[in-house]
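Listed below are the residues making up each chain.
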Amino acid sequence: MTDCDGAGAQTPLQLYESLTAQGDQVRVLKTAKADKGEIESAVQLLLKLKLEYKQATGQDYKAGCPPPENLTVPDNAPAAEGATNEDEVNPWSVTTNNAKGVDYDKLILRFGSSKIDKELVDRIEKVSGQKPHRFLRRGIFFSHRDMHQVLDSYEKHKSFYLYTGRGPSSEAMHMGHLIPFIFTKWLQDVFDIPLVVQLTDDEKYLWKDLSVDECHRFAVENAKDIIACGFDVNKTFIFSDLDYMGSSPQFYRNVVKIQKHVTFNQVKGIFGFTDSDCIGKISFPAIQAAPSFSNSFPHIFGDRKDIQCLIPCAIDQDPYFRMTRDVAPRIGYPKPALLHSTFFPALQGAQTKMSASDANSSIFLTDTPKQIKNKINKHAFSGGQDTVEEHRQLGGNAEVDVSFMYLTFFLEDDEQLEKIRQDYTSGALLTGELKKLLVETLQPMIATHQERRKQVTEELVKQFMTPRPLHFNF
């Protein structure tokens with residue numbers, strides 16, 4: 001689904017993807033016998049998108065037939081207001097011209113997901129019996145697919161399992177990489193359920209200028225950081241695709257089933273692949289989809305294929321799982337549910353997400369206290385005024401200030417965070433003082449993580465990454 005007002009800013013390929021997602025949404029609503037008004041609204045939006053697609057491409061929308069790669073928008077195509085401000089969000093690139101970051105409300109409409117509202121947060125609290133995680137309270141996890149269905153089943157004593165992942169492209173992970181794992185650990189603890197963590201070292205080999213051995217080594221190193229987050233070894237299986245694909249016939253069988261039900265045109269439309277991309281890239285989405293199905297892990301779930309999967313991930317990974325959810329019923333499996341997070345901003349501002357290849361864009365988990373302090377003081381984008389006098393008079397803009405954004409992710413106390421926001425906005429708190437608060441928050445947090453990582457032995461990594469039964473009650 002897409003935002004009507006911003007659809008014209010999309011490329012023909014993006015419009016095609018939005019249309020496909022909206023068509024899927026209409027079918028889901030009709031199958032679920034949703035409220036007539038909701039179905040009618042979704043159908044009207046679908047019709048409007050089809051009209052915009054025809055205006056932009058000069059041809060009618062046809063499912064499974066994305067527009068040619070070299071298609072240009074006709075000169076007479078309508079240009080939407082603010083077209084230059086359209087966000088780009090896909091598994092490999094996240095960019096926006098807005099200093100506040102990506103417009104997540106528009107992204108929800110464009111992707112066809114549902115907003116995590118107060119009602120859902122309250123329900124998670126009720127069902128779990130625990131205070132909602134700060135990521136939920138503050139809208140950091142902001143979008144979902146079928147979370148109400150997961151909670152319905154859980155209330156009927158039908159459990160679920162968690163699946164998240166990491167693409168290991170370097171030895172050191174940065175703070176942004178921790179977000180899904182911090183939240184996934186909370187979910188594992190409060191719901192007492194098993195977790196599978198996919199390390200896509202095969203993906204990194206296909207996309208990066210790295211050797212197979214390098215990618216596998218990065219996977220093992222990243223596993224140490226993941227383990228240091230405190231996951232329960234008795235309920236967690238971490239696996240490298242390069243290892244597990246060759247040792248699990250059921251996993252590979254699911255990969256093949258998925259591959260059979262997705263056309264080349266579909267993956268081109270969803271992921272933007274071109275004729276010059278290697279065939280490994282084109283087939284990879286099926287590998288990322290396979291952990292969504294419980295019988296891909298016979299050592300954990302046996303031959304059961306009815307256990308629903310819940311995937312906490314950043315919203316840029318959603319295209320993989322829109323594809324997965326489309327395929328699931330056609331091969332007899334339940335659709336995975338999702339919880340989407342916002343992006344962790346680069347130090348230079350929220351226009352892009354952090355990059356493991358740019359040391360100054362990120363706070364890495366290997367950084368020393370001095371490096372953390374220097375990076376924040378030198379590179380963290382400020383929402384403050386040019387002079388102390390102006391700042392005292394006009395106040396700062398917390399919505400674009402990276403130090404305040406980082407505190408929103410990592411400072412636990414809601415009242416303290418609100419006090420900081422008010423003081424910064426009023427001018428009572430200076431930019432240097434705000435950065436100092438962030439330094440004092442991150443230094444002990446990262447030092448604690450580094451100590452935990454030191455305790456992660458090679459034997460413990462092997463234990464986490466060995467296929468084995470997990471302890472849980474279903």
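Rules of the game
Residues numbered from 1 in each chain as written. Predicted model: local features only at pLDDT ≥ 70, side-chain atom pairs only at ≥ 80, totals over all residues. Heavy atoms only, no water. Salt bridge = Lys/Arg side-chain N within 4 Å of Asp/Glu carboxyl O. Helix = DSSP H or I, 4+ residues; strand = E, 2+ residues; numbered from the N terminus. Buried < 20%, exposed > 50% of the residue type's maximum accessible area, 1.4 Å probe, protein only. Pairing = 2+ DSSP bridges. Core = buried A, V, L, I, M, F, W, Y, C linked by side-chain atoms within 4.5 Å. Right-handed = clockwise from strand over helix to strand, strands pointing away. 1 Å grid on protein atoms, 1.4 Å probe; cavity = no way out; pocket = protein on both sides within 12 Å on 5 of 7 lines; lining within 4 Å. Points joined across faces, edges and corners; volume = space filled by probe spheres on them. Arc of directions from axis to C-beta. Contact = heavy atoms within 4.5 Å. pLDDT = per-residue confidence, 0-100. Phe/Tyr/Trp six-rings, centres within 6.5 Å; stacked < 30°, edge-to-face > 60°. Lys NZ or Arg CZ within 6 Å of the ring centre and 35° of its normal. Patch = residues over 30% accessible without salt bridge, like charges linked within 9 Å, V, L, I, M, F, W, Y side chains within 5 Å. Areas by Shrake-Rupley, 256 points an atom, 1.4 Å probe, with all protein chains shown as cover. Axes fitted to C-alpha atoms, helices over the stretch in contact; angles between N-to-C directions. Parallel < 35°, antiparallel > 145°, perpendicular 65-115°, else oblique. Nonpolar A, V, L, I, M, F, W, Y, C, P; charged D, E, K, R; others polar.

### Digging into the pattern of salt bridges
Summed over all chains, the structure comprises 30 salt bridges. Across the pair Asp192 and Lys235 runs a salt bridge, and its minimum N-O distance is 2.0 Å. With Asp192 in the loop between helix 7 (175-191) and strand 6 (195-199) and Lys235 in the loop between helix 9 (212-227) and strand 7 (236-240), this pair connects stretches of sequence that are 43 residues apart. The partly exposed category is assigned to Asp192, whose relative accessible area is 39%. Within the structure, one salt-bridge network assembled from shared partners comprises Arg134, Arg137, Arg138, Glu412 and Asp414.

### Focus on the sheet that holds strand 9 (residues 337-341)
Backbone hydrogen bonds hold the strands of a sheet together, and the pairing may be parallel or antiparallel. One open sheet accounts for seven strands, arranged 3-4-9-8-5-6-7; its pairing is mixed. Each of the sheet's edge strands pairs with one partner strand only, and the pair in question is strand 3 (114-115) and strand 7. In this structure, strand 4 (residues 141-145) lies alongside strand 9, joined through four bridges in antiparallel fashion. From the neighbouring strand, His144 faces strand 9, where its bridge partner is Leu339.

### Here we look at the nonpolar core
If you look at the biggest cluster of nonpolar residues, it comprises 72 residues, and the most contacted ones within it are Phe141, Ile238, Ile363, Tyr406 and Leu442. Element by element, the count of residues in this core is highest for helix 7, at ten residues. One finds Phe237, Ile300, Ile311 and Phe321 within the second-largest nonpolar core, a separate group that totals 35 residues.

### Observations regarding the pairing of strand 6
The element strand 6 is largely enclosed, with a buried count of five among its five residues. Side chains of strand 6 alternate between two faces, with Leu195, Val197 and Leu199 and Val196 and Gln198 buried alike. The pairing of strand 5 (residues 160-166) with strand 6 spans five bridges and is parallel. By the bridge assignment for strand 6, Tyr163 is matched with Val196. Handedness of the crossover joining strand 5 and strand 6 through helix 7 is recorded here as right-handed. Pairing between strand 6 and strand 7: five bridges, direction parallel. By the bridge assignment for strand 7, Val196 is matched with Phe237.

### Observations concerning empty space enclosed by the protein
Tallying each qualifying case throughout the model produces one cavity of 30 Å³ or more. Roughly 40 Å³ of internal volume is contained in the largest cavity. In terms of lining residues, the largest cavity is bounded by Gln14, Glu17, Ser18, Ala21, Arg110, Phe111 and Arg322. For the lining of the largest cavity, the secondary structure elements donating two or more residues are helix 1 (12-31) and helix 3 (104-111).

### Points about helix 16 (residues 369-379)
Looking only at helix 16, the buried set comprises Ile372, Lys375 and Ile376. Viewed end-on, helix 16 has its buried residues packed into an arc of 95°, placing them on one side of the element. Counted as exposed and oriented over 90 degrees from the buried face of helix 16: Lys370 and Lys378. Buried residues belonging to helix 16 abut helix 18 (402-410) and helix 20 (431-454).

### Some thoughts on unusual backbone geometry
With the exception of glycine, most residues fall at negative phi, and the peptide bonds are largely trans. One non-glycine residue, Asp146, adopts positive backbone phi at about 65°. With respect to the helices and strands, Asp146 occurs in the loop between strand 4 and helix 6 (147-155). Positioned with a positive phi, His157 is a non-glycine residue whose angle comes to about 65°. By secondary structure assignment, the location of His157 is in the loop between helix 6 and strand 5.

### So, the environment of Ser113
With respect to the helices and strands, the residue Ser113 is situated in the loop between helix 3 and strand 3. Among the residues examined, Ser113 registers a relative accessible area of 9% and is labelled buried. Each C-alpha atom, one on Ser113 and one on Arg322, is 9.7 Å from the other, the two residues being 209 residues apart in sequence. For Ser113, the contacting residues outside a window of four places in its chain are Ile108, Ser143, His144, Arg145 and His340.

### Quick word on the confidence of the model for the protein
Looking at the protein as a whole, its pLDDT mean stands at 89, while 91% of the residues score no less than 70. Low pLDDT, under 50, characterises residues 1-8; the predicted model gives this stretch 29 contacts beyond four residues in sequence or across chains. The low-confidence segment residues 72-84 (pLDDT under 50) makes 15 contacts with residues lying over four places distant or belonging to another chain.

### A closer look at the packing of aromatic side chains
Counting across every chain of the model gives 33 aromatic pairs. Consider the rings of Phe135 and Phe141, whose centres lie 6.3 Å apart with planes at 25°: the pair is stacked. Assigned by exposure class, Phe135 and Phe141 land together as buried. Clustering of aromatic rings is evident, with ring pairs tying together Phe135, Phe141, Phe183, Trp186, Phe344, Tyr406, Phe409 and Phe410. One cation-aromatic arrangement involves Arg322 over Phe111; the distance from NZ or CZ to the ring centre is 4.5 Å.

### Comments concerning a nonpolar patch on the surface
Taken together, Tyr205, Val212 and Leu242 make up a surface patch of nonpolar side chains, about 240 Å² in accessible area. Its place among the elements puts Val212 in helix 9.

### Observations concerning the packing of helix 7 against helix 20
Their axes nearest at 14 Å, the elements helix 7 and helix 20 cross at an angle of 70°. With respect to helix 20, the element helix 7 is oriented roughly perpendicular. Together, Met175, Leu178 and Ile182 of helix 7 and Leu442, Met445, Ile446 and His449 of helix 20 make up the contact between the two elements. Looking at the contact of helix 7 with helix 20 residue by residue, the class counts come to six nonpolar, one polar and no charged.

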